[in-house]
Amino acid sequence: MVITKNRLVLGATVVTLSTIAVTSLGIHSRGQALFKASPKELVDEVWQIVQRQYVDGTFNQVDWQAVRNEYVKNKSYSNQEEAYKSIREMLKKLDDPYTRFMDPKEFQNMQVDTSGELTGIGITISQDEKTKQLVVIAPIEDTPAFKAGVLAKDVILKIDNKSTKGMDTNQAVSLIRGEAGTQVTLTIQRNGQTKEFNIKRARIEIHPVKYSQKQTPAGNLGYIRLNQFSANAGKEMQAAIRDLESKKVSGYILDLRGNPGGLLFSSIEIARMWLNKGTIVSTIDRGGEREREVANGRALTNKPLVVLVDKGSASASEILSGALQDNKRAVLVGTQTFGKGLVQSVRPLEDGSGLAVTIAKYHTPSDRDINKHGIDPDVKVDLTDAQRQDLWLNERDKLATLKDPQFAKAVEVMGKQLAAKGTATAEK
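Quick caveat: nothing in here was measured; it's all calculated off a predicted structure.

Colleague: An account of the environment of isoleucine 156 is needed here, citing residue identities and associated values.
Modeller: Secondary-structure assignment places isoleucine 156 in strand S8 (residues 155-159). A residue is classified by how much of its surface remains accessible, and isoleucine 156, at 1% relative accessible area, is buried. The sequence separation of isoleucine 156 and isoleucine 125 amounts to 31 residues, and the corresponding C-alpha distance is 9.2 Å. Leaving out residues up to four positions away in the same chain, isoleucine 156 has contacts with Ile123, Ile125, Leu134, Val136, Thr164, Leu186, Thr187 and Ile188.

As structure tokens, this is what we get:
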């Protein structure tokens, strides 16, 4: 999920299963207004937003004016529920799982406040554009879903024995969420096999940054694990880099494996800590207009950097890793990332419901469109699902050690970088 602080923009249909605190971003103020739109006015409001903002000017080859005639001009409504049903039907014509309507309860349930405390099982989900299946982007580290063994790219077939066929992310969230201490059963498909997970819901505290010094064959390295691009991730990242700099580390390994994304402004803020110059990301609207975010010359370190990525690295993780790769600031090690490169605007409607509409796509600095493909690492190190589960769940003490194949390769790559840097220094 990618959300801009000012424009409430998020990339990809990604929902963290947790409670919501919308007040910090101010998005409930309009929905709480005394004025309540009539059902027909609400349907028209949604149509107008899509008409003005949707990323594809052809509306994916749909006659959008004819849609207005069908659902606004030629239809009457007696209550909000009828309007909600029509809005969902109307948006379904776009065949875009990322443009979606949320009734007031679903909108309140949407996770937009990444303050660091969640209630749920701790997974981030998306709807596959082609298959329409619900897919796990990544479990959040040290949460109930993570500990149960749910993995990135798992397909959710059933929730408490209810089929997810035809279900959108909002409906899935409503079924999975519940009181802390209660249980939910997920039926998962992984590599053609079906697995069942009984998971107890809990209150979850997320600390986005963990770091340490690592004594390795390549020398004294700084290891930073970034779990999520939350509101305080930038502050914690800055503290980690400054502390490791004071300890005179020779280089850094930044671990973005299993990081499902988060706030766009956080990914830009963190990119600027590593980059002195260059473009970070470009967003492109339906008119082809680009908005670029660039480095500001205030990098905290210029020491060699290796970034670990995998198929659970999504959205904001891909913005950061793409920026570092394209600017030749870091070497990426691991596997192909998730592939989420669409941008959505999330806005409240008059009655407290909400709308997410795809308004743009983002490209990396070298103009790569990574949507559906992801980012390819510079050095590929594959792990089997069994290896990943052992490493991240059963044998956590091996993580970020030389018994972790991807970390070990990162150390090897770092050693070569440091050796090359030493040679270059000596030649001067």
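Colleague: Outline the packing of aromatic side chains, listing residues and values.
Modeller: Applying the stated criterion across every chain yields a total of 6 aromatic pairs. With a centroid separation of 5.7 Å and 15° between ring planes, the pair formed by phenylalanine 59 and tryptophan 64 is classed as stacked. Tryptophan 64 matches phenylalanine 59 in its accessibility class, with the two residues each being buried. Between tyrosine 223 and phenylalanine 407 the ring centres are 5.7 Å apart and the planes differ by 80°, which places this aromatic pair in the edge-to-face class. Placement of the pair is tyrosine 223 in strand S14 (residues 219-226) and phenylalanine 407 in helix H11 (residues 405-427), with a sequence separation of 184 residues. Residue tyrosine 223 is classed as buried on the basis of its relative accessible area, which comes to 8%. By relative accessible area, which is 2% here, phenylalanine 407 ends up buried. In this structure an aromatic cluster arises from ring pairing among Trp47, Tyr54, Phe59 and Trp64.

Colleague: Run through the confidence of the model for the protein, naming residues and quoting values.
Modeller: For the protein, mean pLDDT is 86; residues scoring 70 or higher make up 88% of the total. Below a pLDDT of 50 lies the segment residues 1-35, which in the model reaches 127 contacts outside its immediate sequence neighbourhood of four places, other chains included. Under a pLDDT of 50 for its full length, residues 111-115 has, in the predicted model, 18 contacts with residues more than four places off or in other chains.

Colleague: A description of helix H8 (residues 264-274) should follow, citing residues and the corresponding values.
Modeller: Summarising burial for H8: 8 of the 11 residues are buried, a large majority. For H8, the set of buried residues is Leu264, Ser266, Ser267, Ile268, Ile270, Ala271, Met273 and Trp274.

Colleague: Mind laying out the pairing of strand S20 (residues 331-334), listing which residues take part and the relevant values?
Modeller: Of the two faces of S20, both are covered, the one formed by Val331 and Val333 as well as the one formed by Leu332 and Gly334. Across 4 bridges, strand S19 (residues 305-309) lies against S20 in parallel orientation. The residue bridging leucine 308 from the neighbouring strand is valine 333, located in S20. With respect to chirality, the unit in which S19 leads through helix H9 (residues 316-326) into the neighbouring parallel S20 is right-handed. In terms of strand pairing, S20 meets strand S23 (residues 379-380) through 2 bridges, oriented parallel. Counterpart to glycine 334 in the pairing with S23 is lysine 380.

Cut-offs used in this document
Residue positions within a chain follow its written sequence, with the count starting from 1. With the structure being a predicted model, the display of local features is reserved for residues of pLDDT at least 70 and the display and counting of side-chain atom pairs for 80 or more, all residues being used for whole-chain, interface and lining totals. Each side-chain value is derived from all of the structure's non-hydrogen atoms; neither hydrogens nor water enter the calculation. Comment: elements are numbered from the N terminus, with helices defined as DSSP H or I runs of at least four residues and strands as E runs of at least two. Working definition: with a 1.4 Å probe on protein chains only, accessible area under 20% of the residue-type maximum means buried, over 50% means exposed, and in between means partly exposed. Should any heavy atoms of two residues lie within 4.5 Å, those residues are counted as being in contact. For Phe, Tyr and Trp, where Trp contributes only its six-membered ring, two rings pair if their centres lie within 6.5 Å, and the inter-plane angle classes them as stacked under 30 degrees, edge-to-face over 60, or tilted in between. What pLDDT reports is the predictor's confidence in each residue, on a scale of 0 through 100. Strand pairing is assigned whenever DSSP identifies at least 2 bridges connecting the two strands. Assignment of crossover handedness uses the view with strands pointing away from the viewer, where a clockwise path from the first strand over the helix to the second indicates a right-handed crossover.

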